[in-house]
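Tertiary structure, described
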Amino acid sequence: MLTFSFSGCNEKKSDDAQELEKVALSYASGFTISRGNDFWELEVTQAWSGADRVFKYLILEENAKKPAGNFDAIIQLPVEKIIMTSTTHIPHLDMLNANEKLSGFPNLNLISSDKTWKQIDAGKVEDLGAGPSANTEMVIDLAPDWIMISTLGDDLKYLDLLAQAEIPAVINGEYVEQHPLGRAEWIKFTGVLLGKYEEANLAFEQVEKDYLEAEKLSEAIIDSLRPTVLSGVLYQDIWYAPGSESWGAKILQNAGGNYIFEDQIGTGSAQLNYEFVLENALEADFWIGSADFPDLQTMGNAEPRYKTFKAFKSGNVYSYTQKRGRAGGLEYFELGYMRPDLILKDLIKILHPDLLPAYELYFYQQLDEKK
């Protein structure tokens, strides 16, 4: 695995007489950071899977003058009010101590962060409803210094409208990254937008250190000692499981698991029929990532065919449902992108408990017969 230091691998380029220093990223491939004397440039090169255009943003330090060039959004530091639209963005605020800057979010009940709930309870965060795409007028009324948009939704069609209202809209394409640490490295993107790059870099370095240390624990495990792992569930008679090149599959492999569907090439979900899954995974040792069923009885009642699998019969079924936010949202879907080290340690603890004897599961829990 190749990593690069901040100071050793920076490239300088001249752009209309403005000298830019390109900040090297270690894992993320969907954005770039360049630093000028008193400004930053961010480029989002993979806003979504198969994106055919690059989005370019300028972030000006206080009292800085705009350099030459065309930008999709211009942001002036310092920022006081921001809007985020995905729970995966919230941990960036937690780790950068910037929760007080959040002024709006769609569907507050999805949030798990205790720090953010303090702001919500104080009436400082506007609930934008079901989704920002349906509440563009509310976004404009709030007049944030910037809004961060995830390309998983349909918010892209509102970029022009937000631009007309002079509200900088930046795209976060973290979900396109397939290296677990690549998604976490997007905290640097948010750090630049908040004027907190150095803090973001330190936060990421700690996550990276913890992830790599955990990964080393399982690297020496020989193939014969790697338990077989089934993942995914049936939905309308199709079994959805992580493709072998996906974020989830890579963490399973890093944890010392032998992923049953490692021949299903792809970064998204593989769509399999039940007969294929039964043939290949009937005797799998573990079943990890079994949706959000509360217990085995509920799971088996929902789909009796699940009861056929060895992992179900032996009770080796684990789900990411241990921690929920105050309003019921799963913390896994909020914090998981930013803390792949915790997911990795959870999986190592499940598959090879002797490697982490004192560790307690954070996201995952073993499903009981009945809660």
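Anyway, here's the lowdown on the structure attached to this text. Treat the numbers as computed from the prediction; the structure is a model and nothing was measured.

Attention shifts here to the packing of helix α7 (residues 197-219) against helix α13 (residues 340-351). Here α7 crosses α13 at 20°, and the two axes come no closer than 8 Å. Relative to α13, the element α7 lies roughly parallel. Judged by the twist between their axes, the crossing of α7 over α13 is left-handed. For the pair α7 and α13, contact is made by V207, D210, Y211, A214, E215 and S218 and by P340, D341, L344, K345 and I348, respectively.

Burial analysis of helix α6 (residues 187-194) places eight of its eight residues in the buried class, which makes it a mostly covered element. Those residues of α6 not exposed but buried are I187, K188, F189, T190, G191, V192, L193 and L194. G195 lies just past α6 and shows a positive phi near 75°.

The subject of this paragraph is the pairing of strand β4 (residues 39-44). Burial runs high along β4: five of the six residues are buried. Here five bridges tie strand β3 (residues 31-35) to β4, and the two strands are oriented antiparallel to one another. Paired with I33 across the strands is L42, a residue of β4. Taken together, β3 and the strand that follows it, β4, pair antiparallel across an intervening segment of three residues.

Taken in spatial order, the three strands line up as β13-β14-β16 in an open sheet, and their pairing is antiparallel. Either end of the sheet is taken by a strand with one partner, and the two such strands are β13 (233-235) and β16 (269-272). Each neighbouring strand pair of the sheet contributes to a mean axis angle of 35°, computed without reference to strand direction. Examined bridge by bridge, strand β14 (residues 238-242) and β16 share four bridges and lie antiparallel to one another. Note that in β16 the partner of P242 across the bridge is S269. Each of β13, β14 and β16 is contacted by helix α9 (residues 274-281), which is oriented at about 100° to β16, the strand it contacts most.

On to the environment of G232. Within the secondary structure layout, G232 lies in the loop between β12 (228-230) and β13. A relative accessible area of 6% means that G232 is categorised as buried. Residues G232 and W287, spaced 55 residues apart in sequence, show a C-alpha to C-alpha distance of 8.2 Å. Ignoring sequence-local partners within four residues, the contact set of G232 consists of W239, Y240, A241, W287, I288 and G289.

Attention now goes to α7. Here α7 spans 32 Å end to end across 23 residues, near enough to the 33 Å set by a 1.5 Å rise per residue. Along α7, the residues that are buried comprise Y197, A200, N201, A203, F204, V207, E208, D210, Y211, A214, E215 and S218.

A word on the layout of surface pockets. One number sums up the size of the second largest pocket: a volume of about 250 Å³. In this structure, the second largest pocket is lined by 15 residues; those nearest its centre are D72, L159, D160, A163 and A169. Secondary structure elements with two or more residues in the lining of the second largest pocket: β5 (55-60), β6 (73-76) and α4 (159-164). Broken down by element, the residue count for the lining of the second largest pocket peaks at four residues, all from α4. When the residues that make up the lining of the second largest pocket are grouped by side-chain class, the tally is eleven nonpolar, no polar and four charged.

Looking now at the pattern of salt bridges. Following the criterion strictly, the structure yields eleven salt bridges and no others. Put simply, R326 and D121 hold a salt bridge, and the shortest N to O gap is 2.7 Å. With R326 in the loop between β18 (317-319) and α12 (331-335) and D121 in helix α2 (residues 114-121), this pair connects stretches of sequence that are 205 residues apart. Each member of the pair, R326 together with D121, is exposed.

Attention now moves to the side chain of N135. Summarising the element assignment, N135 is placed in the loop between β9 (126-127) and α3 (136-142). Dropping the residues within four chain positions of it, N135 is found in contact with L128, G129 and A130.

A few words now on the packing of aromatic side chains. Taken as a whole and judged by the stated rule, the model has 25 aromatic pairs. Here W186 and F189 contribute two aromatic rings whose centre-to-centre distance is 4.9 Å and whose plane-to-plane angle is 55°, an arrangement assigned as tilted. Measuring from centroid to centroid gives 5.9 Å for W239 and Y306, while their planes differ by 85°, and the two rings are edge-to-face. Remark: Y306 occurs in the loop between α10 (296-302) and α11 (310-314) and W239 occurs in strand β14; sequence separation between them is 67 residues. Note on W239: relative accessible area 0%, which makes it buried. Using a relative accessible area of 2% as the deciding quantity, one classes Y306 as buried.

Definitions and limits used
- Residues numbered from 1 in each chain as written.
- Predicted model: local features only at pLDDT ≥ 70, side-chain atom pairs only at ≥ 80, totals over all residues.
- Heavy atoms only, no water.
- Axes fitted to C-alpha atoms, helices over the stretch in contact; angles between N-to-C directions.
- Helix = DSSP H or I, 4+ residues; strand = E, 2+ residues; numbered from the N terminus.
- Parallel < 35°, antiparallel > 145°, perpendicular 65-115°, else oblique.
- Left-handed = near helix turned anticlockwise from the far one by under 90°.
- Contact = heavy atoms within 4.5 Å.
- Buried < 20%, exposed > 50% of the residue type's maximum accessible area, 1.4 Å probe, protein only.
- Pairing = 2+ DSSP bridges.
- Expected span 1.5 Å × (residues − 1).
- 1 Å grid on protein atoms, 1.4 Å probe; cavity = no way out; pocket = protein on both sides within 12 Å on 5 of 7 lines; lining within 4 Å.
- Points joined across faces, edges and corners; volume = space filled by probe spheres on them.
- Nonpolar A, V, L, I, M, F, W, Y, C, P; charged D, E, K, R; others polar.
- Salt bridge = Lys/Arg side-chain N within 4 Å of Asp/Glu carboxyl O.
- Phe/Tyr/Trp six-rings, centres within 6.5 Å; stacked < 30°, edge-to-face > 60°.

Everything listed here is a matter of geometry and, on its own, says nothing about what the molecule does.
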